[in-house]
Amino acid sequence: MTTAQQLIDRSVPFLDAVKNRTAGGELETWLNTHHGPGSPLYDDLARMITDGVRDGWAANIEVDGPKYRRSRIADPQDALNYFSVTAVYMDSVEPYRGQYHQHPYGELNLVVPLNPGAKLMGPRGWSGPGWTAPGPGSHHYPEVKGGALIALFYLPAGRISYDIAPPAE
C-alpha cells in the first residue's frame, strides 16, 4: 500500500530537477521525452497516485459529485522546492468541464488515464498518458473525455486561482 508520504518522497528528486525550469511547451516536451510513460518516474508516480485514489487518501474531496474530486497531498515546503502536490480525479465519457482557474506560476501535470482512451485537455489539445505543462498566467477549464483519469499536479508556490472569470463563449 502506497502512502502520501511515499508519493511526496518520490516527487522530491523530480522537483529538484525541474525547480529552475518554467512551465510551458518546452518543458512539456522535455517532461514527455525524459519522464513520459514507461519511464521509472512516470510509472512510479502513476502507480502511487492510482493507489492513493483507490485507497482514499488522494482526490477524495468531491467538487462536483463523485466523478470530479480533488485533494491537496502536500503544501509548498522546502523539501519540495516550494511546489504543492495535488490530485484530481475526473470521470466522464462525454467531454466534461471542471472549475475554471488560473495558474499564476504555471503547472506540471502528470496525466494518468484509468480507462483506455481517457484524455485531459492540455495546452496542446487532448492528452492521454504523459505530462502537460500550462505556462505562467495560463487559465482554463480542466476537461476530460473518454472515461476516468487522474491528474497529479505540481504547482510552483502552490499558486492556483479560482477567482478568475472565464472568457465569454
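Residues numbered from 1 in each chain as written. Predicted model: local features only at pLDDT ≥ 70, side-chain atom pairs only at ≥ 80, totals over all residues. Heavy atoms only, no water.

- An unreviewed UniProt entry lists the chain under the name DUF4863 domain-containing protein, from Amycolatopsis pretoriensis.

As for the overall build of the chain
Then step 1. Check the secondary structure of the chain and you find 3 helices and 12 strands.
Then step 2. The globule rule puts the C-alpha radius of gyration for 169 residues at 15 Å, and the 15 Å found for the chain is close to it.
Then step 3. When its C-alpha atoms are laid out on the principal axes, the chain stretches across 40 × 35 × 30 Å.
Then step 4. Contacts in the chain between residues far apart in sequence, at least 24 positions, make up 73% of those at least 6 positions apart.
Then step 5. Put simply, the chain shows about 7,800 Å² of open surface, and 51% of that area lies on carbon and sulfur atoms.
Then step 6. Once the 14 positive and 18 negative side-chain charges of the chain are each reduced to a mean point, those two points are 2 Å apart. (Helix = DSSP H or I, 4+ residues; strand = E, 2+ residues; numbered from the N terminus. Rg over C-alpha atoms; globule rule 2.2 N^0.38 Å. Contact = heavy atoms within 4.5 Å. Areas by Shrake-Rupley, 256 points an atom, 1.4 Å probe, with all protein chains shown as cover. Lys, Arg positive; Asp, Glu negative; His and termini not counted. Charge placed at Lys NZ, Arg CZ, Asp CG, Glu CD.)

Some words on the pattern of salt bridges
Pairs can form between side chains of opposite charge once their charged atoms are near each other.
Then step 1. A complete count under the given rule lists 7 salt bridges for this structure.
Then step 2. Ionic pairing is found between Arg-124 and Glu-28, a salt bridge with its closest N-O pair at 3.9 Å. Here Glu-28 lies in helix α2 (residues 25–35) and Arg-124 lies in the loop between β7 (119–122) and β8 (125–127), a separation of 96 residues in the sequence.
Then step 3. On the basis of relative accessibility, which here comes to 51%, the residue Arg-124 falls in the exposed class.
Then step 4. Given a relative accessible area of 6%, Glu-28 falls into the buried group.
Then step 5. For Asp-75, the salt bridge is made with Arg-72, and the minimal N-O distance between the two is 3.3 Å.
Then step 6. The class of Asp-75 is partly exposed, set by a relative accessible area of 46%.
Then step 7. Here Arg-72 falls in the partly exposed class, since its relative accessible area comes to 39%.
Then step 8. Here the salt bridges share partners, and the residues they tie into one network are Arg-10, Asp-44 and Arg-47. (Salt bridge = Lys/Arg side-chain N within 4 Å of Asp/Glu carboxyl O. Buried < 20%, exposed > 50% of the residue type's maximum accessible area, 1.4 Å probe, protein only.)

Some details on the sheet that holds β8
Then step 1. Taken together, the 4 strands give an open sheet; going across it, the order is β4-β11-β7-β8, and neighbouring strands pair in antiparallel fashion. Edge positions in the sheet fall to β4 (96–97) and β8, since each of these pairs with one other strand and no more. (Pairing = 2+ DSSP bridges.)

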